[in-house]
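Examination of the molecular architecture
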Amino acid sequence: MRRALSILVLAVLAVATPSSAGRPAGVPRLPTVLLEGRAYVDLDGLAATIRTKPEATPSDTHAYLRIPGHTVTLMRNSASVLVDGKPVVLDAPVRVLEGIWLVPESFVDRVMPKLTATAPAKVESKPAPPVAAAVSAPAAAMPPTAPAGGAATLQELRFRSYPSFTRVVLETSAPVTHRPEPGGARDVSIRVTRLAGSARAVEIRDGFVDEVRLERGGADAVLRVIFDGAPGELRASTLADPSRLVLDFMRPGGGPERDARATTTPLRVMVLDAGHGGHDPGATGPTGLMEKELVLDVTKRAARLVEQRLGIKILLSRDGDHFVPLRDRTSFANRAQADVFVSIHANAHREVASEGVETYFLSSEATDNAARQVAALENSVVQLEKPTARGRADVVKTILWDLAQSEFQEESSRLAEVVQDSMTQSLRIPSRGVKQAGFYVLGGAAMPAILIEIGFVTNPKEERKLRDSRYRDDIARAIAAALAEYKRAWDQRLRQVVGRPK
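The structure reproduced in this document is the subject of the present report. This is a predicted model, so every value here is computed, not measured.

1. Details of the nonpolar core
Membership of the largest hydrophobic core comes to 47 residues, with the highest contact counts inside it found for Met423, Ile452, Ile454, Ile475 and Ile479. Counting only elements with at least two residues in this core, the list comes to strand E20 (269-274), helix H6 (291-310), strand E22 (340-347), strand E23 (357-362), helix H11 (409-427), strand E25 (449-456) and helix H13 (469-498). For this core, the element with the most residues is H13, which contributes 10 residues. Contact partners of isoleucine 454, with chain neighbours within four places excluded, come to Leu294, Val298, Ile344, His345, Ala346, Val357, Met423, Ile429, Leu466 and Ile475.

2. Topic: empty space enclosed by the protein
Tallied over the entire structure, the rule returns one cavity of 30 Å³ or more. What the largest cavity holds in volume is close to 40 Å³. Lining the largest cavity, in full, are Leu157, Arg158, Phe159, Val168, Val202, Ile204 and Val212. Here the element with the most residues in the lining of the largest cavity is strand E10 (residues 152-161); it accounts for three residues. Residues belonging to the lining of the largest cavity are distributed by class as follows: six nonpolar, no polar and one charged.

3. Here we look at the sheet that holds strand E15 (residues 200-203)
Taken in spatial order, the five strands of this open sheet run E12-E13-E17-E16-E15, and their pairing is antiparallel. If you trace the sheet from one side to the other, it starts and ends with strand E12 (178-181) and E15, each paired once. Recorded for the sheet is a direction-independent mean angle of 20° between the axes of neighbouring strands. Of the strand pairs in this sheet, strand E13 (residues 187-192) and strand E17 (residues 220-227) are connected by six bridges, and their pairing is antiparallel. Directly across from valine 188, in E17, lies its bridge partner valine 225.

4. Structural notes on the environment of arginine 467
Considering the arrangement of structural elements, one finds arginine 467 in helix H12 (residues 460-467). Measuring from C-alpha to C-alpha, the distance between arginine 467 and methionine 290 comes to 10.0 Å, with 177 residues separating the pair along the chain. Non-local contacts of arginine 467, meaning those with residues more than four positions away in its chain, are made with Thr287, Gly288, Leu289 and Arg472.

5. Describing the pattern of salt bridges
According to the stated counting rule, one finds 24 salt bridges in the structure shown. Glutamate 358 is paired through a salt bridge with arginine 432; the nearest N and O atoms lie 3.0 Å apart. One end of the pair, glutamate 358, is in strand E23; the other, arginine 432, is in strand E24 (residues 431-437), with 74 residues separating them in the sequence. Note on arginine 432: relative accessible area 27%, which makes it partly exposed. Each of the salt bridges in this network shares a partner with another, and the network as a whole consists of Asp297, Arg301, Arg472 and Asp473.

6. What about the side chain of threonine 172?
Checked against the element boundaries, threonine 172 lands in strand E11 (residues 165-172). Within the structure, the side chain of threonine 172 is placed 2.7 Å from the backbone oxygen of alanine 174, a separation counted as a polar contact. The contact partners of threonine 172, leaving out residues within four places of it in the chain, are Ala152, Thr153, Leu154, Gln155, Leu195 and Ser243.

7. Describing unusual backbone geometry
With a phi angle near 60°, arginine 51 is a residue other than glycine that sits in the positive phi range. With respect to the element layout, arginine 51 can be found in the loop between helix H2 (43-48) and strand E4 (62-67). On the basis of relative accessible area, arginine 51 is assigned to the exposed category, the value being 82%. In this structure, arginine 194 takes a positive phi of about 55° despite not being glycine. As for its placement among the helices and strands, arginine 194 is situated in the loop between E13 and strand E14 (195-196).

8. Thoughts on the sheet that holds E22
Backbone-to-backbone hydrogen bonds join strands into a sheet, with any given pair of strands oriented parallel or antiparallel. Pairing is mixed in the open sheet, where six strands are placed in the order E21-E20-E22-E25-E23-E24. At either margin of the open sheet sits one strand with a lone partner, and together these are strand E21 (313-316) and E24. Going across the sheet, the axis of each strand differs from the next one's by a mean of 20°, ignoring polarity. Across five bridges, E23 lies against E24 in parallel orientation. Among the inter-strand pairings, valine 357 is bridged to a residue of E24, identified as serine 431. Against the sheet, helix H7 (residues 326-335) engages E20, E21 and E22, with an angle of about 165° to E20.

9. Some points on the pairing of E10
Most of E10 is tucked away: seven of the 10 residues are buried. Both E10 and E14 contribute to a ladder of two bridges, which runs parallel. Pairing of alanine 152 across the sheet is with leucine 195, part of E14. With seven bridges joining them, E10 and E11 adopt antiparallel strand pairing. Bridge pairing in E11 places serine 161 opposite threonine 166.

10. Focus on the packing of aromatic side chains
Tallied over the entire structure, the rule returns three aromatic pairs. Both rings, one in phenylalanine 208 and one in phenylalanine 227, keep their centres 5.2 Å apart while their planes meet at 55°; by these two values the pair is tilted. Of this pair, phenylalanine 208 sits in the loop between E15 and strand E16 (209-217) while phenylalanine 227 sits in strand E17; the two residues are 19 residues apart in sequence, bridging distant segments of the chain. The pair phenylalanine 208 / phenylalanine 227 is uniform in exposure class, with both members buried. What makes phenylalanine 227 buried here is its relative accessible area of 0%.

11. A closer look at the environment of arginine 304
Structurally, the position occupied by arginine 304 is in helix H6. In sequence terms arginine 304 and alanine 476 are 172 residues apart; their C-alpha atoms lie 9.1 Å from each other.

What counts and what doesn't
Residues numbered from 1 in each chain as written. Predicted model: local features only at pLDDT ≥ 70, side-chain atom pairs only at ≥ 80, totals over all residues. Heavy atoms only, no water. Core = buried A, V, L, I, M, F, W, Y, C linked by side-chain atoms within 4.5 Å. Buried < 20%, exposed > 50% of the residue type's maximum accessible area, 1.4 Å probe, protein only. Helix = DSSP H or I, 4+ residues; strand = E, 2+ residues; numbered from the N terminus. Contact = heavy atoms within 4.5 Å. 1 Å grid on protein atoms, 1.4 Å probe; cavity = no way out; pocket = protein on both sides within 12 Å on 5 of 7 lines; lining within 4 Å. Points joined across faces, edges and corners; volume = space filled by probe spheres on them. Nonpolar A, V, L, I, M, F, W, Y, C, P; charged D, E, K, R; others polar. Pairing = 2+ DSSP bridges. Axes fitted to C-alpha atoms, helices over the stretch in contact; angles between N-to-C directions. Salt bridge = Lys/Arg side-chain N within 4 Å of Asp/Glu carboxyl O. Polar contact = N/O pair within 3.5 Å; in protein donor to acceptor, adjacent residues only side chain to side chain. Phe/Tyr/Trp six-rings, centres within 6.5 Å; stacked < 30°, edge-to-face > 60°.

Okay, here's the thing in structure tokens:
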């Protein structure tokens, strides 16, 4: 009865039409439903064409399609799906409407051919992990194939520090190969074959890696990594589009991987991040309410409540009116080995009637155009940073290379759902939903991380409420209640893991 009612609701919302564009062989035409201007297909019906059923319920955040040799992982409200561990980006997010999982029609021509092929491609080794893992075989195991099209040039040299490792990335104009060379007691050398470019040095000084130097070695480049103490184990991987050599140096005695620790240790530390600050006021309301002042006040109120109620350590990325570069915010959380990162912001829109609250987690693909615009607005803060900290102005590209947050995407999605529900139910304001986009401030967080837009300062009605001290208390209580609920679920999962027979 429920499913019949759901199908009836879908029929009322849109007129079903046969789907035919990009139809792979062996997949029959299926009726589509129009949502937000996009054609969608019922996942159940699509799964039936390959003689399987989705593993999902209306309340799940994830759905799975499994056939021999293949697994597809879908996430509610995400345009990115995993096919055998490899990401495929659709042109619209997966939706769940009236209990029915719907996929955009692009799923049919981008994913189904991979499942309906007569035989899966042969692999010489075990399947690669999801691209989000970014840590693969040791460097010595990399195959010595020559780069295509002659020598490559270095586009950018980047780094990011994490609790258990430091990552160095060489982005190049074409694929490159590498091999380790003998080093000293405090350094490691990696020869990068036929990589052109001038010598350079980058200071890291994160307590583990002191400096990285790129030196010339004939037709090749030699990357020297100098450590404060003993060198760490090197793990390397190569990525495409753009071509990158990712070098992860593991801290000696760094302990288990962070995602594993999240399921086996108590939740002890949270970082609350008040957006903007100092010479960056953020959005400004019609009567002059500045986002930077609003969110700092709300963040401090929420921090006091969480510490009182949960008895855990709360750290603030800023506790006054000063500017903090975007990447330094999650770096601060990483150094503190925080378990959760929550960035608090206020929204703005040229349409003054825009209202409500929305919660984001990081993805290279925005949920929709509105989400993309919100991320672009928040990311524009990078232009206020010093040129040496800003690097290139292509912020979204900077996010794409740093894959660590993808390891925590599912947990970030769960946290975002809890916060969004608490905010909208407690404050009784319109819900704009849980969304995802390429927020620079979330990039590189080695923990579940979300960004909350607590309201629109550009809406005169919402601005009046956001000025009110009692309403700010209400927002803080809603955030604290959500974090308490998230910790309760965390603790419950922890008890299940600890009590599991070994």
